[in-house]
Every structure is written in structure tokens, then in C-alpha cells.
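Inside the fold
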Amino acid sequence: MAFFVGIFSASAQEYFPKNDGLKEKNTNYTLFTNATIHVSPTQVIRKGSLLIKDGKVAEVGRSVSAPENSLAIDLEGKHIYPSFIDLYTDFSVEKPKRAEGSGRSPVYESTREGFYWNDHIMPEKDAINSYEYDKKSADEYRKAGFGVLGTHVMDGIARGSGMLVALNDEGGDAARILDDRAAQFFSFEKSRASRQSYPTSLMGAMALLRQFYWDAEWYAEGNSDSKDRSLEALNANKGMVSIFEAGSKDNNLRADKISDQFNLNYIIVGGGDEYEWIDKIKASNAKYIIPINFPDAYDVSNPYAAKYISLADMREWNQAPMNPKALDENDITFALTTFELKKPSEFKDKLMKAIAYGLNKETALAALTTVPAALLGKSNELGSLEKGRYANFLITSGDIFDKSTTLFENWVQGTKNVINTLDQKDIRGNYKITAGGKTYDVAISGDAAKPSSEVKIGETSYPSKLDYSDNWVSLSFTDEKTKEVFRTTGIVPKDEQNFSGRLLLPDGSETEFTATRQKGSTEDKKDDADEDEGPSEIVPLTYPNIGYGYATTPKQQNVLFRNATVWTSEDAGVLEGTDVLVKNGKIAAIGKNLGAGGAKVIDATGKHLTAGIIDEHSHIAALAINEAGHNSSAEVTIEDVVDPEDINIYRNLAGGVTSIQILHGSANPIGGRSAIIKLKWSEDADAMIYDNSPKFIKFALGENVKQSNWQSYSRFPQTRMGVEQVYMNYFTRAKEYDAKKKSGQPVRYDEEMEVLAEILNGERYISCHSYVQSEINMLMKVAEKFDFRVNTFTHILEGYKVADKMAEHGVGGSTFSDWWAYKFEVNDAIPYNAAIMNSQGVTVAINSDDAEMSRRLNQEAAKTVKYGGVSEEEAWKMVTINPAKLLHIDARVGSIKEGKDADLVLWSDHPLSVYAKAEKTMIEGRTYFDLEKDNDMRTKIDSERNKLMKMMLSEKNGGGKTRPPRGKDKQYFECETIN
Amino acid sequence: MKKVTLFITLCLFAVGFIGTAQQTPAPKQSEVITIKGATAHIGNGNVIENSVIVFENGTITAIGGSTTGTQGRVIDATGKHVYPGFIAPTKSLGLVEVDAVRPSDDQDELGEMIPNVRSLIAYNAESKVVESMRPNGVLIGQTTPNGGRISGTSSIVQFDAWNWEDAAIKTDDGIHLHWPNTFRRGRWWVGEPRGWQPNKDYQEDVTSVRQFLLNAKAYGDGNASEANNESFKATQGVFDGSKKVFVYAHGEKEMIDAVTALKESGVQDVVVVGGYEAHKIIPFLKKNSIPVLVREPHSLPYREDDDYDHSYKLPKLLAEGGVLVGIQNEDMANFQTRNMAFYAGHVAGQGLEKEEALKLITSNSAKILGIDDRYGTLETGKSATLFVSEGDALDMRTNKLTHAFIDGREISLETHQTELWKRYMDKYEREQ
């Protein structure tokens, strides 16, 4: 619809020769008068004038003295706004093609030479090299109010530089490219152009970025004797604005962590869910670019289908539109973006919704103009209509944040683009047309620029179609009974109420007609039927913001458990009829008839009180488990990807679990570092991770690391023989690295070597996935060669065959109770394993490696009583104090002992019994699971789901957009999950 | 002291068993045996304290209180417990040995509707995994093919046999139909979002099942010899009641659709397998006399908002609602099947009376599988397929078998695993 009038655009550079005509100059001005001019979000001039020349603002003010050679345009009743800026698009740049697969074997090597070793790191790329101005796309953005776009190639982890382009079709690239290196871009997403495997995980992407920045520092100091154009590019881009696509509240914080570590001041592209963690987002002190792709309501009319939708997803529909408001209220600087919308035309509706949810209009305008300009350091050129800025502005019929407002023109660099004809008359109203002997009532309403019609006689409606452009009206309507079609075409005179023209009758004859305007027209009433109203109710947030989340973190309480059977997991054994006093989160006293001293008394008669269960081998509460892209991934850490919102945390609490080690998977001989956490449901990852956490790393042996059970033949090692050599090689290198560093010589900081050196120095412990006796023995011998001890063998299903050697080495065993037969290397796995290792003096724990089994580890421990006759007390230790010892947290947790953390479970029955239920699970005096509370929450979840479904149904019935139901598909991890 | 006794026991066993593939199947019962003094858990909800159980030629001839007369060899089980052998429905036991080793996997044949594919002939009577069921009291199983829409035909076997013919209790007892789902997972590898989305092909898939059954019925009604169609032939039993249809479905709608379609197609006996939402349609299930084999209680809730203990309590809800319910664990690795007892125990922990919970893996399953004339309870005239445990067999601490019998044959409770245990304990004892 838009057409272009190149008035003042700099269509050709002054020093260019011209042969298709004569070189001439137009030095005229354009003056817009009588408009409400929004110079900036905070400065509005009523009845003001705007003077532009050569694509820039020459003057703006209440009265402007215009030179003689000015073309004046009267904008009486109209508004002028600076046009919008979106920094985060891929406008006019080509996305690289997806790399073709060649066989199923993963690719481990880089495909490039002379660049960084990882294909997903491409700081040397410049968007301008894949740029070609896209007029069609520019038109779509202009219709949505945008005048300038930041654009880059959305591909890869380090993506190189992006550019800033004005949507000026006339000026040519010389005028419209405002900056060809406006910012550099990053993300956690790999490039589609390369199949290089590393990184396979989020934590790998983080580790890669960190190493990349360290390497760049080292390179800048001139330490490299070869050329790396990626590192050179990153160093050359130093000081350029960095924009990081994080995409969710938690990834925002991950990006911010890297930003802080290397002093990068990332501007973070968020995910729209910041409201859920608004305090932490505020505390990040970062500036944000925020998408507004609020989800449509789900179609919940089919109850069988509706059950798939989680409460969390229903809430998202209800709550997400308040995100911009929440950011604003917390004084977080943010720009808005069309990113994640299917097309720019969706932008206005979403923005209206944010405003209906309370986003301040001034902030909204700033987020589209001054903020993005300032983020790029271009406030002197863009974002407002002060003198000297680009003449990038919008002419509207009224308040731009009003739904019924029409956008007439979008001027970019002084080039006019018509979106809707400015002088087109508003014809909305009621008319009467007489045709074929009948008089029809015609109501014209809706958008003034694109009105719609309704044709009636009395109560009978006639299907009709209305076109209105350039002041010509075409209306056709059908008599459904006779199937007769009437067609009219007429012009609307500027100063008349009626319109008239030619009427084509069904029989083909033509006649004149006049549409006579009636009084009491709809035009007079403000049409606010489709005005976005705020939500009828916004349901409250919980932490995490899913079913079973808590409104607030449980309070720390002083509690006296009265008259319980207390399983101490200490030499004291099992104490009948005993009291345990919890004070300030610690176990204060154990004894008979203790005074409560103000503590809340819980009658535990007939019940059993134990220390919380500790799972040495868990993969819940993490967003990634394996970094499988290399045969060593010591540089990654699960602490980077702890997911405090995993419902399995809650379910584990319901099974009496209070602490877990989230281990890296078993995809490689040297895996990643662990996170050891307490299951403090409702709190964040930092609160869950142990303070001064013991340092652990996962190693793995056997079929998984040699990739026996899937199609991969290209990574070393492919045999157990090779596995030993991987260790020999890495530890030798780490030893050299450490020695060099300790000697004071400069080293290239290498995160992987740093971590391995910690092992050599006894500062980090290994928990090693292991099955068969040969490999178990091998790793102990490797460790002994390097003079350290393996801390834990996990799984260790043939530990019973070398239990004596394990005891001698001093390594513990953390094993399954009864798993076997799932792969070749567990053929000789036996359920007596724990009992045998225990009998030989190995510290034995029973672990889960499984989100389901972890919630009944008490039963798994009980199996050692059946298989091998372990005593009940010893069996119980295998899920409490023994794993605590293996994790080096036994001074804090794992038993009921005065002074230890009050991490306790109250059981309905003997804790090793299949009939026992955890009734209360407490961590540091806070009850994170309570059977009664759980029951209440079930009811609440049901009623909240019902409430939200009713709201969605009424949205649907009111004509709102809906989408089909969808269900979460939770990914469950175990050792072998490659993600 | 404990170590010494163990050492002696080890020596005794070490001689006989090391190196054999599976324990040698027991010979036929040759003498009358009486088990005396134990608490007998009948499997139908009743208990006889201080019981006497007599069996001869594989069949229980008498069971009663302490006044019942003993005969033949008397096993004093005072203070111990006797149970009917536990039953494991819908399992690929004997069809897969090691999950990750493809050559050992015979559970899933190519093809969508292949009822003519029979599990029995592939059943590995020498499976070490099958052997490991016995020390936990799991003595009978339905060896079941997997995959596709109609996976094939199962048979019911006992777990101490020389070969599959020996093992068979009930040959070709049912066909296994995996009902389509109204929702499906997003195919993320082709760019769809992860997560569950409506399955647009659902109705079409349902129609193809109906069509298959209609064709099979028509084939049977007509002159069957005209065309050789093994899959239609193998389906005939479902129309005359000689074969059951085990239909795998979890959702309310899926279960209702499945039962309706199967009944309308002339299928006589339908068993729902899975039944995650069966508690929501109890009246419907009862009206149609549909039993349910629920998914093992040791499974996670399907959805984030579901009760954490959904799977723990589902069998209880169904049993209390009057539905005939048993437990299966078809979606678990085969080795897990030895935990059947603890599934039932776990349900009892949620409030179902213990003897009722026991029915979930004994008499109820026997009824559902159609072998209750011989198996599932300790009653006169039924097979002497039973075991003695030192304590409560539903609790892992006390599930310790001293004797087990299949059709009166006293079977070995040793396994590849107990042998390794003893061998290595022996090694360590000798080193000291």
C-alpha cells in the first residue's frame, strides 16, 4: 500500500558523476505545522511545528521561523512521534544454510583454518557481507512504525558485528546504512552452518565463551606464534557494544555472569519471562532488549486435551503481558523488540496488550526510541526529534498507543512513506442507499483507514464487502434469497456528508446512487468495543512459577520433634522415644523429655525421624547433563545450569531427599564438574548450591565413553585401552601446566587444565562412573601414578570383584541396589554388590541416577538387607551419612547429631519399610515438604486451573486468538542422555 | 560368627553351581509335600495363621489351619510366610536378554498389525534375567511382544523350564494392541517444538484398527481357506473369547475409544494396560467389565501438576472403586520385574490393605490373564506354585525366600547372581 515520494533524500552522493540526466539540487525545506509533536517521550509540543531538510530535523518548536523555500503541511489534529527503533532483527541479512549431515557420526573437528578452533565462534563475521536491502521487509517494518533497525546474522555463539539500517528505500545504502559495525552479537546457540559437535550443551557454550575471552587476552599480549583471525577480530571489536541473546530469565543471568566476569557490559536480549525473577533481573544491573511475543490463549474447550496444558503454561498466558510493566516498575532499562514475533504487524497488538497490563506509555515510547538509541550510543542521531537528529518520524491520527489510532505516514531520513492516506476522509457512519426499489441501511465502522460495512433492511442482513481507498468507495452486497448482487462505486467529496456514484444492478443495468448519511452515526461515539482491556485478573506468582510452587520460601522454625524413633546414622544408633530439638536451622539437642523453649512441638509418637536422604548420583534439577563434544569437558560445570524450577526437586523432597550431587553425564572419560545442592524448593540456584561446596568432577569409563552403543566411530577412545591413555595424556599435560604456572612463567589460562590440576593437587574429587573390574582397577592405578586418590566410584557394579583393592586405595562406592542387564558391561552386576563392598570396608552409598528412583531411595537401601544381609542401621547409613562422607559434607549433614544442619525427615513408619511415607521434609529448619500442605496445594492447583481455563474460554468466545493445547515434554536425564 | 556360617554355606554351593548357564529345571514332584506352621497369604484377601498346606503331583490337596493333617515330606515353616507365586503380565521376559545388545533383543518385529507374530517360540527358557525373578517370588509371566500397533500374540509361561514348550502355561493367550494417542510428542528433529501436541492422525489411526478388526471378522465369517492371511487368522480367537485383547492406553478418551471400538468389533475380552487415568472412568470400566493392568507404581507422574503419588495410589483407587486391577511394568527394563512384590508393597503403604495389595500381583492378575483356574491363589485343586519367605514378601527387608515351587516342583533359588556373590565372598574369606 505504501508508496514513496523521494523529496529530500540524498539520492546520490555529491561527488558521484551523473550521466542519465543533469546534476541538480533541491534545497527546499518541509514544514509540518499544527501537530502535537512528541519530540521525545518526555517532551511534547502541542500545536508545534517541525522543520526538516536533507533528511534531518532542522528545527522543532511551538513556532518555527521557516525559510521562504518551505513546503508547508498542515497537520491539524495529528500527532508526530519519533519513529521506532528495533535493535534486534535479522533484517536484510541472509541466514547461512544449515550444514548438511554426512553420516550419523558426530563431527568433532573445526572446518576452518586460520580461525578459532570452534566453528561456532565467528567474531570475524560482519553482517554487511551478507546484507542486501530488502524493500518488502522494510515496508512491513515501516507499517509497524519502525524507522531504523539493528540487524545481524542470527547464527552462532560469537556472531560478529551487526549493522544499523534506516528503512529508507530511496536513499541507497550510502544513506541508509547508519553504521555497518554498530554492535557485536553473541548467544548460547550454535551455528547452523557447522556440524562441529562442541559444545553440545548450554554449560559447554558458557565454558567456550569464557575460554574464548581468556584466549583473546592471551593473544592480545602477543603470545601466539600463529595467526587466529577470530581472536584478532574479537580484540579489534573491543569497545564495540555487545548484545547477547539469552532468551530466558535464567539465561539472562547466565549471560550476565559472563559479562561481569570479563567486564563486557552485555546488553541482554531477554525472554519475556523476566517478571518471574524480577528482583534478580534488577540485581543483574544489565540493560535489556525485551520481546513481547505474549502467548495466545490455549483452546481449552476440549477437557481431554486441556489436561495436557500445565498450570505454568496457563499462567504464562495470564501473566506474561505484565513483563514490560514489571521491568519498568523496577527501573530496569529496556528496549522493546519485534524479535520472536512471526511478523512485525503483530507488534502493535502485543504492545497494546502490554499497555493494557499497565505499561506506562512514556516508558513504552522510550523503549522504542530513546532507549535503543542510547544503548548504541547514538542519542545524538536517533530516537528523538530534536534538532540535528534524523528526520525519522511518524504521523498519526492521535495517541500512538491507542488502538483506534491510524498511522498515516512513516518518514525515514526525510523520505515520506505513506501507510494510510493522510487526507482520506473518515467515512465511518450510518447511511441509507436506495437500489432496485429498496432502501438499504449501511453501517460503516471499524478502522478509519480500512473500514468495514454491514448492510441491512430491517433485521435482514445482506453479506457485503467494502473497499475504501483514495477516497473511492466500492461496496457490494448480496441478496441471499434471490442471489442478486449489487455493486456500487462512488467518490467521497471532501466537504460533503454523503457519497454518490454508480450502481450496477443485478440485471447488468447501471444507475446513479447516493448514500445519505444518517444522524447519530457511529463516528460520533468513540468506538472502544475492541479496545484492549486489562486482564480481569492476574493470578499471583509462585516460586517457582509452576504448580506446587510456593508463594514464599518456607520460614525457618524452631521445632521440637517429640517422642520419635530417631535414626541417628551415628554410633548412637536408633534411639526409641527420643526428642530432637531444632533451633536456628541446626540440630540443637537430642534426648528424652527435652524442653521446647518456645519451639513448635511436633508429636512424633509412632513415627521415625531420620537425617535427610542424600543422593550421590542425580541428574534432576539441571538444564543439561552431558557436554559430549570433547573427550574431556573438565571446563564445564553443572553449577552453571542448575534448574531450581524442576518439579522433580519437589518430588524428591516428597521422598525424603534433602541433598543431591548433580553429576555430569558419562559421555566422556573426563566429564564436567558437579553441583552439590540442597533441595530448597522455591529458592534460586545460588541458594541451593552448598556454600563452600566441596569440588567434584565426573569421570566415566566403559561403553559410554567409548561410544559403543551408538553410531560414533570418530572420537578417541573407542576401547578401554584408549580410555587409560586419555587419562595419562591429560594428567601429564595438567602436571606440566601446573608446574609451569607455579614456577611463575606465563601460561595461557586453560580452564580444563586448571580443573585437572586441582585434582592432582588434592583440591578436587573424582566421582567416576564405572562398571567392570578391569577399568576400576585401571583408574586406581592411574591415580596412584599421579599420586592422588579416586574419591568415589559411582555405579561401580563390579566393585564387589575388587572390593579389597578399593578399600586399599581408599575409594568409596556409590551403587545401584539392583540394576543390571541393561547393557553388556552390566552382565555381572549383582544386587549383593553393596553388601560385599561394605563387608570389605568400602564406604558404600546407594544412589539413583534416576528421577523416579531417587524419590524412594529408602526402599533401595532396604534392598541391601535382602541382598547380602546388611544390618538395617548400616543400610540406612548408605543413603545418609555414607553419601555425606563420599561428598565431604558429613560435617554438616547426613546424620542426626547436635550442631549439624537440621535436614530431617519425619516418616510415617520404619524408614526402610516399603510402607513408609515421608510426612515432613526439612532443610535447615525450613519445612520444604509437608504432606498436609501438599494436599492443600492439589486443591489450589485444580481451582486455579479452572479459573484460568474459564478466562481462556471467554477469551475464545470473545473472538480472541487461541492456539491448540500443548503439553510440556519434560526431558529426563540419566548418565547417557546426550542433549 | 556370621562370617563363619556364611563361609560354610558358600563352600556348599560353590561346588555345584559355578559355571552353569541357568539352574537346572527341577524334576516333577515325586513325593507329597507339606508346608507347616507358616502364615499363609491365600492371595484372595484371606490369611491362615499357623497353616498347613499339602500338595501332591503339583496340585494343592489340602490347605487349612494347624489341625489340618500333614503328609509326606514336611517343611517346617513356623514363623515364615507362604504366598502364591507372583505373576508378571505384559513383559518381554525371555525375549530380551541385554537391552543394549541388539542380537539379544527379540521383542519387536517389523509391521504395524502383526497378531500372527508369537512370542512363545522366541521365549528363552535359559534367560539369566528370567532366572533372577525366582528368588523374589515372581514365578509366572506373560511373555509379550512389543512395538507397532498390534505387536503380536503373547503366551503365559512359568519360570523354570527346559524349553518354551515346557514353559508354556497358556499358549497364545492374547494379542497386544497399542492404542493410538490423541496427543503426540513434537518431532523436534524436524523443527517442531518439543512437547505434546494434538495428534491430527488420531481418528485415522483408530479407523485403521477398526478396519483391521472388521476385515479379520469378515475373514473368519467367510471361507477362510480361500485366502491365506495369517494376521486375520491369528485374530479369530478374540471374537470367540479364546484370546484376549490387551489394549495399551492411558488417557480417558483413549480408553473409552478403545473399549468402545473393540466391543463394537465383536471382541469378547478386553484388558486395559496402563490406565493412567482409569480412576476417572471407574463406572465406565465397571459397566463394561474391563479389568486394568496398571503401570508400575514406581513411575513418575506424567504431568507437572499431577499428584506426586499418582502412581502409588492409582491401584488403590481402582481396587476400592470395584475395578479388577493388577500391576504390570511393561515399560520398565525386564530385570525390574523382580520388584513386582515391592510395587504391591508400595501400594499397601498408601493405605490399601496388605492382603488386597497382594491380590494385585496374584489372584487379580491370574483372573485378568485367564489362568485363575490353576494359579494366583493357595486353594485346594490349584497348582502348587508358591513360595516360602522368611518374612513379609511385599517388603524388601523381609522378602527372603527359603523354598519355591512351580507346579509342585521344588525350584532352585540360586542364580548367576547368587553364584557370583558366593564366589567373591569366598575369595575374601580365603584371603583373610
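Residues numbered from 1 in each chain as written. Chains lettered and ligands numbered in written order. Predicted model: local features only at pLDDT ≥ 70, side-chain atom pairs only at ≥ 80, totals over all residues. Heavy atoms only, no water.

**Side note on the domain arrangement of chain A**
All names here are of chain A. Convention followed: Boundary definitions for the domains trace back to an automatic or database domain assignment. We call two residues in contact when some of their heavy atoms are within 4.5 Å. Each of two parts loses accessible area, computed with a 1.4 Å probe, when they are put together; buried area is these two losses added. By salt bridge we mean one thing: a side-chain nitrogen of Lys or Arg within 4 Å of a carboxyl oxygen of Asp or Glu.
Entries for chain A in the domain assignment read domain 1 (84-202 + 240-382), domain 2 (429-517), domain 3 (559-607) and domain 4 (613-618 + 629-893). Between the C-alpha centres of domain 1 and domain 4 the distance comes to 39 Å. Each partner contributes residues to the interface: domain 1 has 14 residues there, and domain 4 has 16 residues. Buried surface at the junction of domain 1 and domain 4, both sides included, amounts to about 1200 Å², of which 48% is carbon and sulfur. The interface formed by domain 1 and domain 4 includes three salt bridges.

**Let's talk about unusual backbone geometry**
Trans peptide bonds make up most of the peptide bonds, and negative phi angles are found at most residues other than glycine. Residue and element names in this part refer to chain A. Where we set the bar: A helix here means a DSSP run of H or I that spans at least four residues, while a strand means a run of E at least two residues long, and both kinds are numbered starting from the N terminus. Exposure classes here rest on a 1.4 Å probe applied to the protein chains alone. A residue is buried below 20% of its type maximum, exposed above 50%, and partly exposed in between.
With an omega of -5°, the peptide bond between Y198 and P199 qualifies as cis. Tracing the backbone through its elements, the reader meets P199 in the loop between β10 (177-187) and α3 (202-220). At the junction of F716 and P717, the peptide bond is cis and its omega measures out at 5° in the coordinates. Secondary-structure assignment places P717 in the loop between β37 (696-700) and α15 (720-742). At H888, a residue that is not glycine, the phi angle is positive and equals roughly 60°. Looking at the element boundaries, H888 is found in the loop between α22 (881-886) and β42 (904-907). Relative accessible area serves as the criterion here: at 33%, H888 is assigned to the partly exposed category.

**Overview of empty space enclosed by the protein**
Threshold: Within this scheme a cavity is a closed region of a 1 Å grid, computed over the protein atoms alone, that accommodates a 1.4 Å probe without allowing it to escape, whereas a pocket is open but has protein on both sides within 12 Å along at least five of seven lines; lining residues each have an atom within 4 Å of a point. Grid points are joined across faces, edges and corners, and a volume is the space filled by probe spheres set on the points. Ten residue types, Ala, Val, Leu, Ile, Met, Phe, Trp, Tyr, Cys and Pro, are classed as nonpolar, four, Asp, Glu, Lys and Arg, as charged, and the remainder, Gly among them, as polar.
For the structure shown, the criterion picks out ten cavities of 30 Å³ or more. Roughly 130 Å³ of internal volume is contained in the largest cavity. Within the lining of the largest cavity, the residues separate by chemical class into six nonpolar, five polar and four charged. Approximately 60 Å³ is the volume attributed to the second largest cavity. In terms of lining residues, the second largest cavity is bounded by A:P831, A:Y832, A:Y867, B:S132, B:P135, B:N136, B:R338, B:T415, B:Q417 and B:T418. The class makeup of the residues in the lining of the second largest cavity is four nonpolar, five polar and one charged.

**Some remarks on the packing of α15(A) against helix α16 (residues 751-760) of chain A**
Residue and element names in this part refer to chain A. What counts, and what does not: In this analysis, axes come from line fits to C-alpha atoms, helices being fitted only over the stretch in contact, and the angle between any two N-to-C directions falls in the range 0 to 180 degrees. For classification purposes, an angle smaller than 35 degrees is called roughly parallel, one larger than 145 roughly antiparallel, one from 65 to 115 roughly perpendicular, and anything else oblique.
Look at α15 against α16: their axes get within 8 Å of each other, and the N-to-C directions meet at 95°. Comparing their axes, α16 and α15 come out roughly perpendicular. Listed contacts from α16 to Y730, F731, R733, A734, K735, Y737, D738 and K741 of α15 are E752, M753, E754, L756, A757, I759 and L760. Among the residues making up the contact of α15 with α16, the classes are represented as nine nonpolar, no polar and six charged.

**Concerning the confidence of the model for chain A**
Residue and element names in this part refer to chain A. Selection rule: As a per-residue quantity, pLDDT reports the predictor's confidence and falls between 0 and 100.
Summary statistics for chain A give a mean pLDDT of 93 and a share of 97% for residues scoring 70 or more. With pLDDT under 50 throughout, residues 1-10 is counted as low confidence; its partners more than four residues away or in other chains account for 30 contacts. Throughout residues 522-530 the model reports pLDDT below 50, and contacts reaching past four residues in sequence, or to other chains, amount to twelve contacts.

**A closer look at the sheet that holds β10(A)**
Residues and elements named next belong to chain A. Under the convention used in this document: For two strands to be treated as a pair, DSSP must find at least two bridges joining them.
Spatial strand order, β7-β8-β9-β10-β11-β12-β13-β15: eight strands in an open sheet with mixed pairing. Of all strands in the sheet, those bounded by a partner on one side alone are β7 (84-89) and β15 (334-337). The sheet shows a mean angle of 25° between the axes of neighbouring strands, direction not considered. Relative to β10, strand β9 (residues 158-166) runs antiparallel, the two sharing six bridges. Among the inter-strand pairings, G162 is bridged to a residue of β10, identified as A183. Packed on one face of the sheet, helix α5 (residues 249-261) meets β11 (242-245), β12 (267-269) and β13 (287-291) and runs near 155° to β12.

**Points about the nonpolar core**
Residue and element names in this part refer to chain A. Let me state the cut-off plainly: Residue types Ala, Val, Leu, Ile, Met, Phe, Trp, Tyr and Cys, when buried and joined through side-chain atoms within 4.5 Å, form a set referred to as a nonpolar core.
Core analysis: the biggest nonpolar cluster contains 302 residues, and F699 and F793 have the highest contact counts within it. Tallying contributions element by element places α3 first for this core, with twelve residues. Dropping the residues within four chain positions of it, F699 is found in contact with P669, I670, G671, Y727, F731, L756, I759, I766, S767, C768, H769 and L779. In terms of nonpolar packing, the next biggest core, distinct from the first, is built from 25 residues, L87, M154, A335 and F339 among them.

**Comments concerning helix α4 (residues 202-221) of chain B**
Residues and elements named next belong to chain B. We apply this condition: One fewer than the residue count of a helix, multiplied by 1.5 Å, yields its expected span. Here the arc refers to the directions that run from the helix axis out to each C-beta atom.
Under the 1.5 Å per step criterion, the end-to-end length of α4 is 29 Å for 20 residues, consistent within 8% with the ideal 28 Å. For α4, the complete set of buried residues consists of Y202, D205, V206, V209, F212, L213, A216 and Y219. Along the axis of α4, the buried positions cluster into a sector of 155°, meaning they face one direction only. Across from the buried face of α4, at angles greater than 90 degrees, the exposed residues are E204 and D221. Contacts from the buried residues of α4 go to β8 (150-158), β9 (168-178), α5 (230-235), α6 (237-240) and α7 (252-264).

**Overview of the environment of A:G508**
Relative to the assigned elements, A:G508 resides in the loop between β26 (499-504) and β27 (510-517). Since its relative accessible area comes to 48%, A:G508 is described here as partly exposed.

**Here we look at the interface of chain B and chain A**
Where the parts come together, the accessible area they lose is often given as the size of the interface. Just so we agree on the cut-off: In the analysis that follows, any N or O atom pair within 3.5 Å is treated as a polar contact, provided that within protein one partner can donate a hydrogen and the other can accept it, and provided that, for residues neighboring in sequence, both atoms belong to side chains.
The interface of chain B with chain A comprises 67 residues on the first partner and 71 residues on the second. Of the roughly 6100 Å² buried at the junction of chain B and chain A (both faces included), carbon and sulfur atoms supply 54%. When residues of chain B are sorted by the area they lose upon contact with chain A, B:E304, B:Y308 and B:R397 head the list and together hold 14% of the total. Scanning the region where chain B abuts chain A turns up seven salt bridges. Two residues, A:K968 and B:E304, come together in a salt bridge whose shortest N-O distance is 3.0 Å. Taken together, the links from chain B to chain A amount to 40 residue pairs in polar contact (both at pLDDT 80 or more). Looking at the side of chain B that touches chain A, the elements that each hand over two or more residues are α2 (128-131), β10 (183-185), β11 (196-198), α7, α9 (310-320), α10 (340-349) and α13 (416-431) of chain B. At ten residues, α13(B) tops the list of elements feeding residues into the side of chain B that touches chain A.

**Concerning the pairing of strand β44 (residues 926-930) of chain A**
Residue and element names in this part refer to chain A. In terms of burial, β44 is largely enclosed, as four of its five residues are buried. The pairing of strand β43 (residues 918-923) with β44 spans four bridges and is antiparallel. Within the sheet, the bridge partner assigned to T921 lies in β44 and is F929. Hairpin remark: β43 followed by β44, antiparallel, with two residues in the connecting loop; positive phi at E924, about 50°.

**Some details on the pattern of salt bridges**
Using the criterion set out here, one finds 96 salt bridges over all chains in the structure. A:R764 is paired through a salt bridge with A:E758; the nearest N and O atoms lie 2.6 Å apart. The same class applies to A:R764 and to A:E758, which are both buried. For B:K313, the salt bridge is made with B:D307, and the minimal N-O distance between the two is 2.6 Å. Salt bridges linked by common partners bring A:K307, B:E252, B:E277, B:K280, B:R303 and B:D306 together as one network.

**Structural notes on the sheet that holds β9(B)**
All names here are of chain B. The sheet built from eight strands is open, its strands ordered β6-β7-β8-β9-β12-β13-β14-β15 with mixed pairing. With partners counted over all chains shown, the strands left at the sheet margins are β6 (86-91) and β15 (325-327), one partner each. On average, adjacent strands in this sheet sit at an angle of 25° to one another, irrespective of strand direction. Sheet analysis places β8 next to β9, joined by six bridges and oriented antiparallel. Residue pairing across strands places S154 opposite G174, the latter belonging to β9.

**As for the packing of aromatic side chains**
Residue and element names in this part refer to chain A. We count it as follows: Aromatic pairs are defined between Phe, Tyr and Trp rings, using the six-membered ring for Trp, whenever the two ring centres lie within 6.5 Å; interplanar angles under 30 degrees are classed as stacked, those over 60 as edge-to-face, and all others as tilted.
For the structure on display, the rule yields 57 aromatic pairs over all chains. On the basis of an interplanar angle of 45° and a centroid distance of 4.9 Å, the ring pair of F244 and Y266 is categorised as tilted. In this pair, F244 is assigned in strand β11 and Y266 in the loop between α5 and β12, connecting sequence segments 22 residues apart. We note that F244, like Y266, is buried. Among the aromatic residues, those joined into a cluster by ring pairs are Y116, W117, F186, F188, Y198, F212, Y213, W214, F244, F262, Y266 and Y749.

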